[in-house]
Amino acid sequence: REEKQLELTLEALISQVADLKNSLISFIYKLENEYDRLTWPSVLDSFALLSGQLNTLNKVLKHEKTPLLRNQVIIPLVLSPDRDEEIMRQTEGRVPVFSHEVVPDHLRTKPDPEVEEQEKQLITDAARISPDVAQKQIQSLNKMCSNLLEKISKEERESESGGLRQNKQTFNPADTNALVAAVAFGKGLSNRRPPGSGGAVQSGQPGAGAIIAGASGMQQVPMSGAPAQQQPMLAGVQMAQAGQPGK
């Protein structure tokens, strides 16, 4: 009966470990091959699956019908340096031979002596601390964690606000385009000159000829009511003005 119960327990453990191994293989494959499109919710789902399988494995080990496996002793019956195909199949190619070199590693029920010594030292140090001192250390650690989280949150807020300030538009694109079009192509500029900006009219321009022609026509028009001796003086003035172009 005990042998049958032990066999059923081992089958259940092997099944649970196989499921856990497949989940680990799938998660490692995602990390190595799908890291560019891997999302955080997907990672959390993988962690949740692994955590649930580990809890199920612990429940199987702690079940009341599960025999104490620590009381079971495993003794290798055959050790051979030759390649064993059955061992290869059961270990999926990880252990090709079952020799005296691999037996201490695969059948070990205790950690390495160095790890075991460190674990004992930690247990001894923890036993020396009183409950009050432990509570103070816990409060100090919680305070440090809270300050660190607050600093991280502050840095995130400052980075987000800085990004918003950098992305904020500080100019009007329409005004910029209008200014560039006016400078490069003269778009939107007026052709009229302000009053008083024109210079002296040269004789070679059409306006100068019109003024001279008007002046010569003026000396042929008799002025009514004016003395006759003033007409030659007017004519002399007009001719003198006609002889000086540009004035």
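Keep in mind that what you see is a predicted model, and the values were worked out from it rather than measured.

Trainee: What is the right way to read the pattern of salt bridges from this model?
Mentor: One side chain can pair with another of opposite charge once the charged atoms of both are near each other. Per the counting criterion, the structure on display carries 8 salt bridges. D36 serves as the salt-bridge partner of R37, at 3.9 Å between the closest nitrogen and oxygen. For the pair R37 and D36, one class covers both residues: exposed. Among the ionic pairs, R108 bridges to D112, the shortest N-O distance being 2.8 Å. For R108, a relative accessible area of 41% puts it in the partly exposed group. Residue class for D112 comes out partly exposed when judged on its relative accessible area of 32%.

Trainee: I tried to follow helix α7 (residues 173-185) on my own but got confused; where do I start?
Mentor: Turn by turn, an α-helix covers 3.6 residues, leaving residues three or four places apart pointing in a common direction. Helix length check: α7 (13 residues) gives 18 Å between terminal C-alpha atoms against 18 Å at 1.5 Å per residue, within 8%. G186, located one to two residues past α7, shows a positive phi value of around 70°.

Cut-offs and rules
- Residues numbered from 1 in each chain as written.
- Predicted model: local features only at pLDDT ≥ 70, side-chain atom pairs only at ≥ 80, totals over all residues.
- Heavy atoms only, no water.
- Salt bridge = Lys/Arg side-chain N within 4 Å of Asp/Glu carboxyl O.
- Buried < 20%, exposed > 50% of the residue type's maximum accessible area, 1.4 Å probe, protein only.
- Helix = DSSP H or I, 4+ residues; strand = E, 2+ residues; numbered from the N terminus.
- Expected span 1.5 Å × (residues − 1).

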